[in-house]
Amino acid sequence: MHVLWGTLLLAILLRHHSLDACLEELQRNTPLGLLIGIESEKFVPKPHNMSRFLVTLGEDPHLSHLRRVFDVMVQRLGVAVPDLGNDTAGDSTGLAGRAAASNELRQAEVQQGLPQPSGGRKEYKDDDGIVTKVVEWFGYKLHLLVDVKHEVVLSYHITDTKTGDNEMIADLLAQAKKNLPTDRIKTMAYDKAADDGKVHELLHEENVRPLIQNRTFKVEEAEKVLGGRTPLNIVHDQAGTIFCYDRVSEPPVRHPMAYIGHEPERGTLKYRCPARHQGWSCPSDHVCNEGRDYGLTVRVKQEIDLRRFPSIPRATKQFERLYKGRTAVERINARLKIFWGIDDGQVYGSRRFHGHVGAVLIVHLGLATVLAQAERYEGTYGTMRLSPIARKLRELMNEPLPEHEPMSA
């Protein structure tokens, strides 16, 4: 079994286009075979051995063990890397795959709870709602939640192509929170597919600040009066941006109000008169700010609409800066497809597919661990030490320090 497992990992690490290509290299590369316990070429597995091994890997309890290996590796990195998981990003990507050869095998996979490959279609639209690009595939959907800074996968799920991104956020978040220290996750970035009321409620309950672009619905009003005790010239648009109208000018002029900050104890977002905050003259100053040295202040209750009024408003530089981190998950998706070959469409059956994707993600975490515990020295030349992360990982993995590393460091 260790030879079969080692062969699968080698095929991924060496970026062979197929398992057969790895087996051919093991036939001619004796030193490589010795790394995984193959003493001579006659002990190199056959293609049908690897095929059956992938099927077994996708069956319970082995598939659950594979997920457990992934979780343990993330947990170890989470303990060693203090900021792993602070800022996260999620997304899904389509992966090509094929159904099992027989109806009997497909029924067994369904009974196990594994999704079957199906036709997927994704439309990309511009700001006017016009479709600009269409992507179609047959296979599965891979949902990922990743760390933005270190570009490490924290949780994953494989579904059929009909499952929406917003439907899997709860499971992804639950798995990631189990794998990381308490209250580690601070933000989560997602595209418009996750702009759902239930998603915002979930993230609000979990104390995770959402970074989700707003979907525009043409059936709604372009802007609404904030209401309550707030003056009638204070309105908000569909994205939750707060504006005030200069009622003296003709016609009235709309200005975005200055965002001051989030008040978590009150559950409000605080805004201030833009003229007083930015230091320019407004014709309505005597109307709005009469008797106020600081200027008109508006507190917006998030409970009015968590989807419109997240903890980090969309029309702020902080939102724009953090939202750029969402591209991390797109880069990881590209690596998984281009480097590790999980999108080649040559894997038959859901069991084989789940086993292969799980092994690829374990290799991904294994390389992250190797890089994190590498001997990157810190300090001056006279007092060089292993980095704190490298030392912690070596401690967690019960590996000795290098001979030249002072034990008292």
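Our subject is the structure that appears above.
Below: a short report on this structure.

Here is what the cut-offs are and how they apply
Residues numbered from 1 in each chain as written. Predicted model: local features only at pLDDT ≥ 70, side-chain atom pairs only at ≥ 80, totals over all residues. Heavy atoms only, no water. Pairing = 2+ DSSP bridges. Helix = DSSP H or I, 4+ residues; strand = E, 2+ residues; numbered from the N terminus. Axes fitted to C-alpha atoms, helices over the stretch in contact; angles between N-to-C directions. Salt bridge = Lys/Arg side-chain N within 4 Å of Asp/Glu carboxyl O. Phe/Tyr/Trp six-rings, centres within 6.5 Å; stacked < 30°, edge-to-face > 60°. Buried < 20%, exposed > 50% of the residue type's maximum accessible area, 1.4 Å probe, protein only. Lys NZ or Arg CZ within 6 Å of the ring centre and 35° of its normal. Parallel < 35°, antiparallel > 145°, perpendicular 65-115°, else oblique. Left-handed = near helix turned anticlockwise from the far one by under 90°. Contact = heavy atoms within 4.5 Å. Nonpolar A, V, L, I, M, F, W, Y, C, P; charged D, E, K, R; others polar.

A word on the sheet that holds strand 11 (residues 258-263)
Backbone hydrogen bonds hold the strands of a sheet together, and the pairing may be parallel or antiparallel. If you walk across this open sheet you meet the three strands as 11-12-13, and the pairing is antiparallel. For this open sheet the edge positions go to strand 11 and strand 13 (297-301), each flanked by a neighbour on one side alone. With direction set aside, neighbouring strand axes in the sheet form an average angle of 25 degrees.

Focus: the pattern of salt bridges
As enumerated under the stated definition, the model contains 16 salt bridges in all. Between Arg335 and Glu151 there is a salt bridge whose closest N-O contact spans 2.7 Å. Here Glu151 lies in the loop between strand 3 (131-147) and strand 4 (153-159) and Arg335 lies in helix 12 (residues 327-338), a separation of 184 residues in the sequence. Measuring nitrogen to oxygen at the nearest pair gives 3.7 Å for the salt bridge that ties Lys177 to Glu206. One end of the pair, Lys177, is in helix 7 (residues 165-179); the other, Glu206, is in the loop between helix 8 (197-205) and strand 6 (209-212), and 29 residues separate them in sequence. Each of Asp91, Arg326 and Glu330 takes part in one network of salt bridges that share partners.

A short note on the packing of aromatic side chains
All told, the structure shown has four aromatic pairs when counted by the stated rule. Aromatic pair Phe319 and Tyr323: ring centres 5.6 Å apart, planes at 10 degrees, arrangement stacked. Here Tyr323 and Phe319 lie together in helix 11 (residues 317-323), a separation of four residues that amounts to about one turn. Just as Phe319 is buried, Tyr323 falls in that class too. Taking NZ or CZ as reference, Arg254 lies 3.7 Å from the ring centre of Phe243, over its face. A cation over a ring is seen here: Arg272 above Tyr294, with NZ or CZ 3.9 Å from the ring centre.

A closer look at the pairing of strand 9 (residues 242-246)
With four of five residues buried, strand 9 lies mostly within the body of the structure. Relative to strand 9, strand 8 (residues 234-237) is paired through three bridges, and the arrangement is antiparallel. Of the residues in strand 9, the one forming a bridge with His236 is Ile242. Hairpin connection of strand 8 to strand 9: four residues between the antiparallel strands, including Gly240 at a positive phi of 90 degrees.

As for the packing of helix 7 against helix 8
Close contact between helix 7 and helix 8 brings their axes to 9 Å; oriented N to C, the two are set at 15 degrees. On the basis of their axis angle, the class for helix 7 and helix 8 is roughly parallel. Handedness of the crossing formed by helix 7 with helix 8: left-handed. Of the residues in helix 8, those touching helix 7 at Asn166, Ile169, Ala170 and Leu173 are Val199, Leu202 and Leu203. Considered class by class, the residues forming the contact of helix 7 with helix 8 number six nonpolar, one polar and no charged.

Nothing here speaks to function; it is all geometry.
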